Amino acid sequence: MKPSWFALMLAVLSTEMLTSHCSTIKSPRFRGRVQQERKNIRPNIILVLTDDQDVELGSLQVMNKTRRIMENGGASFINAFVTTPMCCPSRSSMLTGKYVHNHNIYTNNENCSSPSWQATHEPRTFAVYLNNTGYRTAFFGKYLNEYNGSYIPPGWREWVGLVKNSRFYNYTISRNGNKEKHGFDYAKDYFTDLITNESINYFRMSKRIYPHRPIMMVISHAAPHGPEDSAPQFSELYPNASQHITPSYNYAPNMDKHWIMQYTGPMLPIHMEFTNVLQRKRLQTLMSVDDSMERLHQMLAEMGELENTYIIYTADHGYHIGQFGLVKGKSMPYDFDIRVPFFIRGPSVEPGSVVPQIVLNIDLAPTILDIAGLDTPPDMDGKSVLKLLDLERPGNSKFLRKKEEPNKNTQQSNQLPKYERVKELCQQARYQTACEQPGQKWQCTEDASGKLRIHKCKVSSDILAIRKRTRSLHSRGYGGKDKHCNCGDTDYRNSRAQRKNQRQFLRNPNVQKYKPRFVHTRQTRSLSVEFEGEIYDINLEEEELQVLKTRSITKRHNEEEGEETARAARDTMVADGADALGQPSSVRVTHKCFILPNDTIHCERELYQSARAWKDHKAYIDKEIEALQDKIKNLREVRGHLKRRKPDECDCSKQSYYNKEKGVKAQDKLKSHLHPFKEAAQEVDGKLQLFKENRRRKKERKGKRRQKKGDECSLPGLTCFTHDNNHWQTAPFWNLGSFCACTSSNNNTYWCLRTVNDTHNFLFCEFATGFLEYFDMNTDPYQLTNTVHTVERGILNQLHVQLMELRSCQGYKQCNPRPKGLETGNKDGGSYDPHRGQLWDGWEG
């Protein structure tokens, strides 16, 4: 049997809504935060993902808690679709923001979590971008169907990923790289409850240790995917579930549709009974997800993080149960398989609002990046949906914070106070990094009292990251502020007369200038230290360029008595400035502490005298340790990547391409002439071809074994399944015996164009066999009748041209063009929604 290939390319044409039939967001002011000290510059982001959850079959009708939290408390996107209604391709598109023809994950098997995916596309998921900008990222649940748990995908600080496909019991998870097996005990092993508990515990722990760091979590549930094992307390619910019985239920055969629909006849009674039980069990599994959403919401409210957290709820694709006579499954281009739930709740999102514009699963990654204040990378095909919510980026105060209400008793002013202006500036993404962005001139820091400070970047990002709190520590003047601290030892602070004399001394052009303590216009460039009767000069600029290296100190021999004035100035600097002790071969660990050659540690005097200075410097060191640990982790990932992609050594003894000597094959000659990187790429392609060939042979052997056993549930060119009494291990059980059903075909390859605007709502599909389908959902919402014969040939040609262009687009600039004029739109040719990407593209099998 040949390997099955299915394809779906759904290109979305969406015009700008001229009339507003639904409520849109009006940018309300932000709600007040509960705890002042826990304010974040950037919001938390939580993505809740379900597996195989439909919209058309009424799965959301039983999830009252989720609807109250997300639908009533946030925005509902009523036209949300996936580009490929299969698990692994759709999830890969969510992670990368790309169509399948750009990330090459076409099925649930081949190339799913493959080495090429790991090397090329996994390092460019939204998690990597957020992790690099300070978010604490965490993943809990199902990842990709073929994920084997042998590694932690890049970008995730906390990783609890399910190995292989969805299960509720008897599964294996990878917990930060260590495999962990689970059994059949509901209290310890039920998958939905497990990842809910893990995610809530991680959020609480992370906020307790790093209260000012934003969190991005993905909670990826297995429900309502098979084997549809519900929690025991829900096993008796919905005995008469019938939401799946839509007008297209058991509507078969369909001689006007593609050949699998023509082949599929009406279901047998056992099939119909199976669909009823299947719908019931799917709804029961979703009840645990409903409880999970309520627990997540309560946790955020208790911690005071609800008003600073965006929650996104969606699914990887839809599902069908009996529609058009297909017993169960996905992979069809019709709305029951491609339409998914999509909700967003968060700051400035109008509760209960409805967004009618089309959104896709490839928009998820750009939206998450936009919430975090990051630009969409040019290779992503989707676009952020925040513009549909009339929200602004985190750089604008309207997006993240509510402005303080002006006091009615004070006089109104056209200019905000300084602390308000600083707070607004610090909410812009370009000021939130430690001088890491190219051309960045300013950065924001937060002092111990919670106030935001803005400082100018004067040195490189590596230097500034090590000593970025130096000014704030000096400027607070530890030692004289604390109520319960010894405020003595302030003799190093010069009096006003002494500072006046010092200024006169500094104005003298004939003597060398030194930086006094009260001048904070620039960093200290050098430092003189007296040690064992000798004076040493320490070049701080050289130290910064060689961070954490051995200090280079030059001993000064004062042979002339004429340098007494300069020595007096140096003595003043020693007593006034750093109080740091250094000597040859000592190591400067931080800007306030040294490790001496005898392995003892010496820090500045104020760290031993001021509790505030000690606490702040310790917090600074903890932060540096965390940053270095993250850097080590990233370096290890890069090292592993380089090991996997090591090019072959250039061997000059190899015969060249132009060598005419006999016995040298053309392929070997060509390989020796290739660049080492191209040779490595050729090896990857060769391994992929070998992998495909092995899979093909495995399927052939499997087919032969089925023929020997007399397995009747295997027909050439069809995808079939068998169901028996042993399939479900939890109540309600199936006891009506085994049956066989075929749900799809191997040559079901197609590309589709989905259009939703104020005048048109249609689906146009081209199949690999040359078959065409066209459904007008304004008159036929359940796609019962193929009306392609009623569409003019010129319009079909235009749709074909558009579909061909979109099938090869790359990046949001190509995948979101404006049309040259489409007669299926308005009289003026229609127009795309200004935010909207146009292409759905996918393969499935």
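Please refer to the structure placed before this passage.
First, a word on what this report is: a plain description of the structure on this page. Fair warning: this is a prediction, and the values are worked out from it, not measured in the lab.

Things to note about the pattern of salt bridges
- Inspection of the entire model under this criterion finds 27 salt bridges.
- Close ionic contact of Lys 592 with Glu 606 constitutes a salt bridge, the shortest N to O distance being 2.5 Å. Placement of the pair is Lys 592 in the loop between β18 (587–588) and β19 (593–595) and Glu 606 in helix α19 (residues 605–609), with a sequence separation of 14 residues.
- Each of Arg 136, Arg 157, Arg 213, Glu 626 and Asp 630 takes part in salt bridges that share partners, so that together they form one network.

Observations concerning unusual backbone geometry
- Here the bond from Ala 223 into Pro 224 is cis, since omega is -5°, no more than 30 degrees from zero.
- Relative to the helices and strands, Pro 224 resides in the loop between β9 (215–220) and α8 (259–263).
- Along the chain, Ala 731 connects to Pro 732 via a cis peptide bond; the corresponding omega equals -5°.
- Positive phi, close to 55°, is recorded for Ser 113, a residue that is not glycine.
- Its location among the elements puts Ser 113 in the loop between α3 (100–103) and α4 (115–120).
- Classification of Ser 113 by relative accessible area gives buried; the value is 7%.
- Positive phi, normally seen in glycine, also occurs at Phe 324, with a value near 55°.
- One can find Phe 324 in the loop between β10 (309–315) and α10 (335–338).

Some points on the sheet that holds strand β7 (residues 172–175)
- Spatial strand order, β8-β7-β6-β5-β9-β3-β10-β11-β4-β12: ten strands in an open sheet with mixed pairing. Looking at which strands have only one partner, the edges of the open sheet turn out to be β8 (178–181) and β12 (353–360). When the angles between neighbouring strand axes are averaged without regard to direction, this sheet yields 15°.
- Helix α1 (residues 64–71) contacts β4 (75–81), β10 and β11 (342–345) of the sheet and is inclined by roughly 55° relative to β11.

Considerations on α1
- Every buried residue of α1 is listed here: Thr 66, Ile 69 and Met 70. Looking down the long axis of α1, one finds its buried residues gathered within 85° of arc, a one-sided arrangement.
- Where α1 is buried, its residues contact β4, α9 (269–302), β10 and β11.

Digging into the packing of α1 against α9
- Where α1 meets α9, the axes come as close as 7 Å, and the angle between the chain directions of the two elements is 45°. Comparing their axes, α9 and α1 come out oblique. For the pair α1 and α9, the sense of crossing is left-handed. Along the contact surface, α1 presents Asn 64, Lys 65, Thr 66, Arg 68, Ile 69 and Met 70, while α9 presents Val 289, Asp 290, Asp 291, Met 293, Glu 294 and His 297.
- Partitioned by chemical class, the residues of the contact of α1 with α9 number four nonpolar, three polar and five charged.

Focus: the state of the cysteines
- Under the counting rule described, the total for this entry stands at five disulfides.
- Through a disulfide, Cys 593 is tied to Cys 603; the S-S separation comes to 2.0 Å. Between Cys 593 and Cys 603 the disulfide shows an S-S torsion of about 110°. By sign, it is right-handed. Placement of the pair is Cys 593 in strand β19 and Cys 603 in strand β20 (residues 601–603), with a sequence separation of ten residues.
- Take Cys 603: its relative accessible area is 10%, and that puts it in the buried class.
- One disulfide bridge connects Cys 752 with Cys 765, the sulfur atoms lying 2.0 Å from each other. Disulfide Cys 752-Cys 765: the torsion about the S-S bond is 110°, which places it as right-handed. Here Cys 752 is found in strand β23 (residues 750–756), whereas its partner Cys 765 is found in strand β24 (residues 761–767), with 13 residues between them in sequence.
- A residue is classified by how much of its surface remains accessible, and Cys 752, at 0% relative accessible area, is buried.
- Residue classification places Cys 765 among the buried residues on the basis of a relative accessible area of 0%.

Reading the values: rules and limits
Residues numbered from 1 in each chain as written. Predicted model: local features only at pLDDT ≥ 70, side-chain atom pairs only at ≥ 80, totals over all residues. Heavy atoms only, no water. Salt bridge = Lys/Arg side-chain N within 4 Å of Asp/Glu carboxyl O. Helix = DSSP H or I, 4+ residues; strand = E, 2+ residues; numbered from the N terminus. Buried < 20%, exposed > 50% of the residue type's maximum accessible area, 1.4 Å probe, protein only. Pairing = 2+ DSSP bridges. Axes fitted to C-alpha atoms, helices over the stretch in contact; angles between N-to-C directions. Contact = heavy atoms within 4.5 Å. Arc of directions from axis to C-beta. Parallel < 35°, antiparallel > 145°, perpendicular 65-115°, else oblique. Left-handed = near helix turned anticlockwise from the far one by under 90°. Nonpolar A, V, L, I, M, F, W, Y, C, P; charged D, E, K, R; others polar. Disulfide = S-S within 2.5 Å.

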